[in-house]
Amino acid sequence: MAIGESQAALNIVDPMVVYGQIFIGVALILGAFIRFALLMAALQMLLFYLPVLWPAYNPVLDDHIFYILAFGFLGAVGAGRVFGLDAIIEKWRPVKEAPQLAYALG
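Residues numbered from 1 in each chain as written. Predicted model: local features only at pLDDT ≥ 70, side-chain atom pairs only at ≥ 80, totals over all residues. Heavy atoms only, no water.

Observations concerning a nonpolar patch on the surface
Together, Val18, Tyr19, Ile22, Val26, Ile29, Leu30, Leu85, Ile88 and Trp92 line one region of the surface with nonpolar side chains, adding up to about 940 Å² of accessible area. Residue contributions to the nonpolar patch peak at six residues, all from helix α1 (residues 7-30). Relative to the helices and strands, isoleucine 22 is located in helix α1. You can call isoleucine 22 partly exposed: its relative accessible area is 47%. (Patch = residues over 30% accessible without salt bridge, like charges linked within 9 Å, V, L, I, M, F, W, Y side chains within 5 Å. Areas by Shrake-Rupley, 256 points an atom, 1.4 Å probe, with all protein chains shown as cover. Salt bridge = Lys/Arg side-chain N within 4 Å of Asp/Glu carboxyl O. Helix = DSSP H or I, 4+ residues; strand = E, 2+ residues; numbered from the N terminus. Buried < 20%, exposed > 50% of the residue type's maximum accessible area, 1.4 Å probe, protein only.)

Here's the deal with unusual backbone geometry
Its identity as a non-glycine residue notwithstanding, phenylalanine 33 has a phi of 55°, on the positive side. Within the element layout of this structure, phenylalanine 33 appears in the loop between α1 and α2 (34-49). Take phenylalanine 33: its relative accessible area is 38%, and that puts it in the partly exposed class.

A word on the environment of valine 26
Among the secondary structure elements, valine 26 is positioned in helix α1. Valine 26 sits in the partly exposed class, given a relative accessible area of 45%. As a C-alpha pair, valine 26 and isoleucine 65 span 39 residues in sequence and 23 Å in three-dimensional space.

Describing α2
Here α2 contains 16 residues, and its C-alpha end-to-end distance of 22 Å stays within 8% of the 22 Å for a straight helix at 1.5 Å per residue. The complete set of buried residues in α2 reads Ile34, Ala37, Leu38, Ala41, Ala42, Gln44, Met45 and Tyr49. Seen from one end, α2 has its buried residues packed into an arc of 160°, which puts them on one side. As for α2, its buried residues are in contact with α1, α3 (63-77), α4 (80-83) and α5 (86-89). (Expected span 1.5 Å × (residues − 1). Arc of directions from axis to C-beta. Contact = heavy atoms within 4.5 Å.)

A closer look at the packing of aromatic side chains
As enumerated under the stated definition, the model contains three aromatic pairs in all. Consider the rings of phenylalanine 66 and tyrosine 67, whose centres lie 5.6 Å apart with planes at 65°: the pair is edge-to-face. Take phenylalanine 66: its relative accessible area is 55%, and that puts it in the exposed class. With a relative accessible area of 37%, tyrosine 67 lands in the partly exposed category. Centroid distance tyrosine 67 to phenylalanine 71: 6.2 Å. Interplanar angle 25°. Geometry classified as stacked. Residue tyrosine 67 and its partner phenylalanine 71 are located together in helix α3, separated by four residues, close to a single helical turn. Accessibility expressed as a relative area gives 18% for phenylalanine 71, which makes it buried. Through a chain of ring-to-ring contacts, the aromatic side chains of Phe66, Tyr67 and Phe71 assemble into a single cluster. (Phe/Tyr/Trp six-rings, centres within 6.5 Å; stacked < 30°, edge-to-face > 60°.)

This is the structure:
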């Protein structure tokens, strides 16, 4: 049985997708925790791509792959430090005392 045919699985997955996309959108709008939000967005796009892994058209030129690469690039260059709150959050004392928190920031 596929996950899309199980009502119990859909009752769990559907809210996770909705709340995940809301979190990602708010994080991107505010520019806070950009790297973590982009990682979650890339993971979500990968999970959306897996059910249609080898479609009838070219799988390399699929829009899901483009978005995964775009999210990965933006996370790697630290997009939140340019026009976001991540540059301000990084200066806070809790982040300076726990440098591993800086990895979630853009």
